[in-house]
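Here is what each chain is made of, one letter per residue.
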Amino acid sequence: MIIDDGIVFRQAGEDDTALLVRLYDGAAAWMRANGIRQWKAGEKDAAHFRRIMREGEVWIARDADGAVCGAYELWWSDEEAWGVQPPVAGYVHRLMVDRSTAPPGTGRRLLEHAESRIARTGRELARLDCQSTNPRLLAYYQGAGYRVVGEFPSKQAKDGRVYGVILLEQRLLP
């Protein structure tokens, strides 16, 4: 358990999959309600989060009162978007904030925690991607210090839909 400015982080376990699905679906609904067409409720199930826990890490954040306020996935490779890469980066995915409980700045705290976790493994880069059609999210990540390093115009979703993603990274302090 890691306490970071009143937010308590812990690695998710098998018993957390239903919670993670609810967080994802809630974030997807918020996006849709705000005109952001990136996630769809129901796209990620418990099996998805169990697989990520086996292959990478999933972290859950709670506020000082114990309410869940967010979560994120941390992968150690992302060949689908980034191709084969040397092991110099961690890849942040599914940054989820519960808008009903999260204090202001929670998304940034989740991102900073991910960066710290990556740096503790000795890797020097935090990487992420966002859909090319989501300028709001792109601006958010750039405001957090990420720089655009490329674009992958033909990523394919599990439903067969093809979309573009912008690739971003940030160099981490040792």
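Computed from a predicted structure; not experimentally measured. (Residues numbered from 1 in each chain as written. Predicted model: local features only at pLDDT ≥ 70, side-chain atom pairs only at ≥ 80, totals over all residues. Heavy atoms only, no water.)

Student: Would you explain the overall build of the protein chain in this entry?
Tutor: Of the regular secondary structure elements, the protein chain holds five helices and eight strands. Put simply, the protein chain runs from its N terminus to its C terminus through helices and strands in the order β-β-α-α-β-β-α-β-α-β-α-β-β. The C-alpha radius of gyration computed for the protein chain amounts to 15 Å, which stays within 12% of the reference 16 Å derived for 174 residues, consistent with globular compactness. Projected onto its principal axes, the C-alpha coordinates of the protein chain cover approximately 40 × 40 × 30 Å. (Helix = DSSP H or I, 4+ residues; strand = E, 2+ residues; numbered from the N terminus. Rg over C-alpha atoms; globule rule 2.2 N^0.38 Å.)

Student: Help me understand the side chain of asparagine 134, please; the structure alone is not making it clear to me.
Tutor: Within the fold, asparagine 134 resides in the loop between β6 (125–131) and α5 (135–143). Dropping the residues within four chain positions of it, asparagine 134 is found in contact with Ile36 and Gln38. (Contact = heavy atoms within 4.5 Å.)

Student: Looking at this model, I keep getting lost on helix α4 (residues 106–120). Mind explaining?
Tutor: Each α-helix turn comprises 3.6 residues. Residues three or four places apart therefore point the same way. With 15 residues, α4 extends 21 Å between its outermost C-alpha atoms, agreeing within 8% with the 21 Å of an ideal straight helix rising 1.5 Å per residue. Glycine 122 sits one or two residues past α4 and shows a positive phi near 90°. (Expected span 1.5 Å × (residues − 1).)

Student: Sorry, what's going on with the pairing of strand β3 (residues 57–62) here?
Tutor: Here is the key point about a regular strand: its side chains alternate between the two faces of the sheet. With five of six residues buried, β3 is to be regarded as a mostly interior element. By the bridge criterion, four bridges tie strand β2 (residues 7–11) to β3 in an arrangement that is antiparallel. Counterpart to glutamine 11 in the pairing with β3 is tryptophan 59. Where β3 meets strand β4 (residues 68–75), six bridges bridge the pair, whose relative direction is antiparallel. Looking at β4, one finds that isoleucine 60 is bridged to alanine 71. Hairpin geometry of β3 and β4 is characterised by an intervening segment of five residues between the two adjacent antiparallel strands and by a positive phi of about 95° at glycine 66. (Buried < 20%, exposed > 50% of the residue type's maximum accessible area, 1.4 Å probe, protein only. Pairing = 2+ DSSP bridges.)

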